[in-house]
Amino acid sequence: MPEPMSPVSFPSTFLWGAATSAYQIEGAVREDGRTPSIWDTFAHTPGKTAGGDHGDVAVDHYHRYRDDVALMAGLGLGAYRFSVSWSRVQPTGRGPAVQRGLDFYRRLVDELLAKGIKPAVTLYHWDLPQELEDAGGWPERDTAYRFAEYAQIVGEALGDRVEQWITLNEPWCSAFLGYGSGVHAPGRTEPVATLRAAHHLNLAHGLGAKALRSVMPARNTVALSLNSSTVRPLTQDAADLAAARKIDDLANGIFHGPILHGAYPESLFTATRQLTDWSYVQDGDLATINQPLDALGLNYYTPALVSAAGPDHTGPRADGHGASEHSPWPAADDVLFHQPPGERTAMGWSIDPTGLYDLIMRYEREVPGLPLYITENGAAYDDKPDAEGRVHDPERIAYLHGHLAEVRRAIADGADVRGYFLWSLLDNFEWAYGYEKRFGAVYVDYTTLERTPKSSAHWYGKAARTGTLPEVDEVF
Ligand code: FCB
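All values reported here derive from a predicted model rather than from experimental measurement. Within every chain, residues take consecutive numbers counted from 1 along the sequence as written. Given that this is a predicted model, residues contribute local features only at a pLDDT of at least 70 and side-chain atom pairs are listed and counted only at 80 or more, while totals for whole chains, interfaces and linings are drawn from all residues. Excluded from the side-chain calculation are hydrogens and water; included are all heavy atoms of the structure.

### Brief notes about the packing of aromatic side chains
Ring pairs shown here join Phe, Tyr and Trp side chains whose ring centres sit within 6.5 Å, with only the six-membered ring taken for Trp; geometry is labelled stacked below 30 degrees between planes, edge-to-face above 60, and tilted in between. Going through the model one piece at a time under the given rule, you end up with 35 aromatic pairs. Ring geometry for tryptophan 39 versus tryptophan 431: centroids 4.7 Å apart, planes at 50°, classification tilted. Taken together, the residues tryptophan 39 in helix H2 (residues 38-43) and tryptophan 431 in the loop between strand S11 (417-423) and strand S12 (442-444) connect sequence positions 392 residues apart. There is no split in this pair, since tryptophan 39 and tryptophan 431 are both buried. Taken together through their ring pairs, the aromatic side chains of Tyr23, Trp39, Phe42, Trp126, Phe429, Trp431, Tyr435 and Tyr446 make up a single cluster. Think of it this way: any DSSP run of H or I at least four residues long counts as a helix, any run of E at least two long counts as a strand, and we number them from the N terminus. Under the scheme applied here, a residue whose accessible area is under 20% of the maximum for its type counts as buried, over 50% as exposed, and between as partly exposed, the area being computed with a 1.4 Å probe on protein chains only.

Structure, rendered in structure tokens:
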């Protein structure tokens, strides 16, 4: 029997969490044997990040993790999604593990468990060890095998105490922003390398899932987090529908085709034939990639609105994570991206909670019976402390309320959504935007590194403790 729900209350088993990633918060980049990742190199390359910002100190979570866990416990959160820094654990991307690196994550997990917070580990949130990029990076097949080895090391070290595992975070960004538009590390702008990287990330997911399962207790779950796009056509004209279909293949089908269904969409091959023959997809790869999943993680911020480009158009430039001369989308010069109408966050991303509902229901139809988690959702705003040092962020509360209400509507309509992870616990290093964009529910003063929960943290904490969304205008 499904549990009865009032308009704003969630099932009692629903997991209320927050998410972060290693390079964005840890700092301590040269401690305990860690070596540079592609993000260290990229952020220290002039002109790549706003203000030349980098993650050398970030919010110093490496040294302050106990305080950060205490903060979460104080708010009443039930789960915490964080990522492991590959170059802390296996500095050259191959060979034996560094125990001091693993010990940090053992301590963090023990601290979480002691406070009753469920850890969810992401193995790869974009920070490839630099030595592996020097050997060719994700466009090279060997990187997938290196990832499997790393997955096994972390699975062995933490599998006894972490039940929820995520292989990759948003492989679209790793491939299309890292090797296509170049706004993310390693900053390459090579359309064919983008597609090769996507395939090898898929392979890494499959090999990594197998490696995890070979060393972990069977009760543990394996998933991955996709930033699947809700792609909307500007009109219902055939040309615009075709444009939306192409972007849907390049944003979604390229990952969930092989991962969830064991095949790339034929239309993806057709659309990219001018660039590549896909001969790097070797016999057996699709079966390896198509591992059974225990759950799927969806990261959602904003939908995409596309149309066919007119004859004078020189190519799409929109990609959400930074501007570039180079399009992230290979073979899509005939597609135009539009700014959807309505309100936007400080990232310029339009606010559309129904896009999250549509995404959930799409996967519910496409992979019925596969539990879903919203592994990221949130918004950046220009938060500032008031005279008393309090940080009021009513826009973020409205954003969270709107999106959580759509999650609840999807559950009411039969979707099996098991949990939600707010992005992000803390203000942090927002990639190419440096520290300019604040996504945290907790404000960080970047001079003192002092943490101050914003009103949205209190609002979300109450939702987590009660399983019911407070009113948007409740005062905290
Ligand atoms: C997602 C990333 C995350 C953060 C948010 C705003 O694409 O996974 O690290 O940058 O966007």
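That covers the picture; the talk isn't over yet.
### Focus on the pattern of salt bridges
Salt-bridge detection follows one rule: a side-chain nitrogen of Lys or Arg within 4 Å of a carboxyl oxygen of Asp or Glu. Within the structure shown, the criterion is met by 33 salt bridges. For aspartate 56, the salt bridge identified is with arginine 30, shortest N-O distance 3.4 Å. Within this pair, whereas aspartate 56 is found in the loop between H2 and helix H3 (61-75), its partner arginine 30 is found in the loop between helix H1 (22-25) and H2, the two being separated by 26 residues in sequence. Put simply, aspartate 248 and arginine 362 hold a salt bridge, and the shortest N to O gap is 2.8 Å. Of this pair, aspartate 248 sits in helix H10 (residues 238-261) while arginine 362 sits in helix H13 (residues 353-366), and the two are 114 residues apart along the sequence. The same class applies to aspartate 248 and to arginine 362, which are both buried. Taken together, the shared-partner salt bridges connect Asp383, Asp393, Arg396, Asp427, Arg438 and Lys454 into one network.

### Examining the site of the ligand
For this purpose, a residue is taken to be near a molecule or strand whenever a single non-hydrogen atom of the residue falls within 4 Å of it. Near the ligand you find 12 residues, and of these Gln24, His125, Glu170, Glu430 and Trp431 are the closest. N or O atoms within 3.5 Å of each other form a polar contact, as long as, within protein, one can give a hydrogen and the other can take it, and as long as residues adjacent in sequence are counted only when both atoms are side-chain atoms. At a separation of 2.5 Å, an oxygen atom of the ligand approaches a polar side-chain atom of glutamate 170. One of the side-chain N or O atoms of tryptophan 431 is found 2.9 Å from an oxygen atom in the ligand. Per-residue and other accessible areas follow the Shrake-Rupley method at a 1.4 Å probe size, with only the shown protein chains counted as cover for residues. In isolation the ligand has 290 Å² of accessible area, and contact with the protein removes 99% of it.

### Observations concerning the environment of alanine 309
Relative to the assigned elements, alanine 309 resides in the loop between strand S8 (304-308) and strand S9 (335-338). Placed 24 residues apart in sequence, alanine 309 and aspartate 333 show a C-alpha to C-alpha distance of 7.6 Å. Throughout, a contact is declared for two residues whenever any of their heavy atoms are within 4.5 Å. Ignoring anything within four residues of it in the chain, the contact list for alanine 309 reads Asp333, Asp334, Val335 and Leu336.

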